[in-house]
Structure formats: C-alpha cells, structure tokens
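Okay, here's what each chain looks like letter by letter:
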Amino acid sequence: MAQAHARLADALDGLDPVLGPLGQRFADAGFELALVGGSVRDALLGRGMPDLDFTTDARPDDILRLITGWADAHWDIGRRFGTIGMIRSGYQIEITTYRAEAYDPESRKPTVAFGDSLDDDLLRRDFTIGAMAVRLPARVFVDPFGGLADLEAGRIRTPGSAEMSFGDDPLRMMRAARFTSQLDFAAAGEVVEAMTGMAERIDIVSAERVRDELVKLVCGAAPRRGIELLVDTGLAERILPEVAGLRLERDEHHRHKDVYQHSLTVLDQAIELESRYAARQEKTGIAEGDPQRLPVPDFVVRFAALMHDIGKPSTRRFEPGGAVTFYHHDVVGAKMTAKRMKALHFDKDTTKKVARLVELHLRFYGYGDAGWSDSAVRRYVTDAGDLLPRLHILTRSDVTTRNRRKAERLAHAYDDLEERINALAEQEKLDAIRPDLDGKQIMALLDIPPGREVGEAYRFLLEERMEHGPLGEERAAAVLREWWDARQG
C-alpha cells in the first residue's frame, strides 16, 4: 500500500496548480471539496488523469459562482443532476454536489437528492475502488469502504451490499464485468452471487447503455474475464445469448472443452495480433485516416473473434461414423451477429463490419492444401475490402489446435497468402480493383444509354479483371465487344 500512497502523492503534487487553488476557493467559501472516484483510483494505480472528478457539499449555483472567472471555460449541462463541468489548464473537470439517490425498482433512472456527507456520497458509488477520495486542500485520503485494499487485491466489490447496489441500478452488474476486463480484476464472491441472482434485472436497462458497457468490456485489457463473468452469472443469456449458448457445443475437432472456450481463445489471440498488425502498419506508414488503419484496441476485430462461431449450434449435424459438421455456420453466424448487434442498437457501419468478418472467417481454409490461383487471391482481397487487416487477424487467431505441426502448417500457409497479396498489390494496386473501362467508356463503346445493360457490362469486365488481371483499355474493349456481340447474336 505504501507504493500506492506514494503514487497518489506524486500525482497530487503534479496536479497542485489545479488542486491547490480550487480547493482553497471552496474552503474559503465554507464548502468541502474532494477529488473522488476514478481520478483517485487511477492516481493510486499510477495512471494518467486527463479528466478530474470532484465532489462537494456546495450546490450547483454555488459551484458556478466559485468557478466563474477561474475556469477557462465551463458548462452546466448536468446542472439538474448537480454536475458542473469546466476546463482549466487543459484538464477537463467535473464537480458534483454530494448525492443521495433513490431508484424506482422498475427503472434505472435515479431520483436525485443532494446530500451533505462525503461518506454517504461514497456509499452510493458503484464499487469500493471508486469510493475513495482526497479532501482538499489538506489532501486527506478518505477510504471508508476498503477500496485501497481491494485495489491491491485486484478485487471488484460494492461499498454496501451488492444486492442493494444492483437493485438500485442494474447497470452496475455490467459495470462489474467491465471493470474485471479493464483492470484485469476478479469480482468478489458476493458480487458474483448477487449478479447471478439478479441477472433478470438487466432487462430494464436500455439497450444503448448495455451496449456502451459491452464495448468498454470488449476493449479492456482482459475481456475474457468480463465475458466469463457475464456467462457464469447468467447475464450473457439476456444480452449475448448466442455466446452463452456456445458452452453446449463441442468443436468439430474435439480439441477444446467446447466452442465457447475456443471462441475465448480466439479472442485472446486476436488481441495479441491486434498490436502486432498495428505496429506493422505504423512501420509501413499507413495514414491515420486510412480505412484499413487498425485502432488499438479494436472493438470490431475483437467482437468478431468472440462471435465468429455463434452459428455452430444451429448448424450442427451428426454424420454417420460419429463425425460432427457445422456447414454454413459462417453465413448463419453473420446473420445472427447482425441481428444481435441491431438489438443492442449498434450503428450500421460497425454491425456491417463485424458481421462481414464473421461471414468471411472460413474463406482461407483449403488454401494450404490446394493453393489458389491469382484470381482467387484477388477475390479474397476484394471481398474483404477495408476489412483485410482485420480478416488477417481473425483468420490467424482462429487456429487454436494443439497439434503443433498443423498449427505451423496453417501459419506458413497464411504467411504465403499474405506474401502473394502483397506481391499482387504492388503489381496491380489490388486494394482498388476496377474494370479497365468505366461506365462512360462502356456506353460510348457499345452505343447504349445508362441502364441495366451498362451495369451488366461493367460486372463482366470486373470478372475479367479479377480472373486475368489488368487487360489494358484496348484489350478490354475487344473482350467487351466480343461479349456484347455474343449477347446480341
């Protein structure tokens, strides 16, 4: 704990140009002020704190009066809930009046009542690791619920009873899973028990709020922990039933306990590869705005890794001799993924990308055995489009066999495919494949007006381009005339 306190002291020293004057302004006016919540937690962990959260017994009008003229800018969009926001010296700051909230059991919207006690304010917070504060300007550390001990132990626990906390706000169950992922912590036994017994309460929470917590969980440092907590407590059956259902399915190779464990392993491996591919892109100079540029963390590739086999339960077939097949689970899984993401109110672009990766995740298999023609490689790249780097990650991550020789063979085969893609790209600018003639040239050559026939001619030339590579305008014109004459004849 001594190291944590030292990190906190260092952070407070660095923030003194902001904390000192702000704390003194409130003290001179007869009010309490404390740095609180995630700001204190992050300081104890030695993390940066670009955003600072404070709590006070001052009411919103008093807060506004005290910061006007001191803050570089301020806003009161959260005034009704007791929160005033501001910018000072590059820091985004929120100051919130002590609160004592009451919840309608059929809704997660709180009835806000302002309080007068720091300890009571800390009691209403989600978890003990966020229920610590530093009183200002004296810098007195306040930890009434053992948050520092939980931080040291890597434990997620509620300040009061977990049942009461989750009963007041069921979204806190999702936050518990999210924090296990973000911090690589474990949920305390009473938290797991309460989540299990109250899982159905998540149904009253809006899809958008569940989605936002899920995205943060998947993009955390250890999303496997968060997913396992959701599945083990039954929450996943209500928000991601397709993932929970994977526990019942063995994969076709019987190499894993079940498809669920395989999917978690693919997720783990995708996270490892995500950083490698991003670093490779950095070296090759892919610009920030390039559609193929990978963010880190990347929700799209991580969620696709988690969802890629959800089509298996509905496509499982038992063949004579004991074999198990999952034909077309890629296509079925893509549709299921899109449906689930729509239910969680994901935007259309993110949904389309994740579902497309699920649909494409099997395309590579067979390459190492039979090899592909150049046209097949072009189709692979064209079908993936801007998702190609993510498809590389997902395909490589999907190899979880314990057979070392098989794993090495698949890895070498994919290395070869990537080398061929790169070689063809240098020759043909593969990422922007177009027919050798555009629509205007097609209309002029065939003397036809805009319409369906132009589209058919364009698609014919695109197929020729995919099959044979660049033809050049003269050769393309000859091939097009030959195709057109055959149609007319």
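Check the entry above for the structure.
Not measured: the values here are computed from a predicted model.

### Structural notes on the pattern of salt bridges
Phase 1 of the analysis: Under the definition given, this model contains 40 salt bridges.
Phase 2 of the analysis: The partner of E228 in a salt bridge is R224, with the nearest N and O atoms 3.3 Å apart. Here R224 and E228 lie together in helix α11 (residues 223-233), a separation of four residues that amounts to about one turn.
Phase 3 of the analysis: Look at the salt bridges and you will find they share partners, linking D126, D169, R172, R175, R178 and E213 into a network.

### Comments concerning unusual backbone geometry
Phase 1 of the analysis: Here the amide bond leading from L136 into P137 is cis, since omega sits at 5 degrees, within 30 degrees of zero.
Phase 2 of the analysis: Note the cis peptide between V296 and P297, where omega equals 0 degrees.
Phase 3 of the analysis: Mapped onto the secondary structure, P297 falls in the loop between α14 (259-284) and α15 (299-307).
Phase 4 of the analysis: With phi around 55 degrees, S89 is a residue other than glycine that occupies positive phi space.

### Observations concerning the pairing of strand β4 (residues 83-88)
Phase 1 of the analysis: In this sheet, β4 lies alongside strand β3 (residues 73-75) in antiparallel orientation, the contact comprising three bridges. Across the sheet, the residue bridging to H74 is M86, located in β4.
Phase 2 of the analysis: Summarising the sheet, β4 and strand β5 (residues 91-97) pair through six bridges and their orientation is antiparallel. Within β5, the position partnered with G85 by the bridge is E94.
Phase 3 of the analysis: Between β4 and β5, which pair antiparallel and follow one another directly, the connecting turn spans two residues, one of which, S89, has a positive phi of 55 degrees.

### A look at helix α20 (residues 374-384)
Phase 1 of the analysis: Looking at α20, one finds that the buried residues are S375, V377, R378, Y380, V381 and A384.
Phase 2 of the analysis: Looking one or two residues past α20, G385 carries a phi angle of roughly 60 degrees, positive in sign.

### Here's the deal with the side chain of R465
Phase 1 of the analysis: Positionally, R465 belongs in helix α24 (residues 452-468).
Phase 2 of the analysis: In terms of polar contacts, R465 uses its side chain to reach the backbone carbonyl oxygen of R434, at 3.5 Å.

Cut-offs applied
- Residues numbered from 1 in each chain as written.
- Predicted model: local features only at pLDDT ≥ 70, side-chain atom pairs only at ≥ 80, totals over all residues.
- Heavy atoms only, no water.
- Salt bridge = Lys/Arg side-chain N within 4 Å of Asp/Glu carboxyl O.
- Helix = DSSP H or I, 4+ residues; strand = E, 2+ residues; numbered from the N terminus.
- Pairing = 2+ DSSP bridges.
- Buried < 20%, exposed > 50% of the residue type's maximum accessible area, 1.4 Å probe, protein only.
- Polar contact = N/O pair within 3.5 Å; in protein donor to acceptor, adjacent residues only side chain to side chain.

By themselves these figures say nothing about function.
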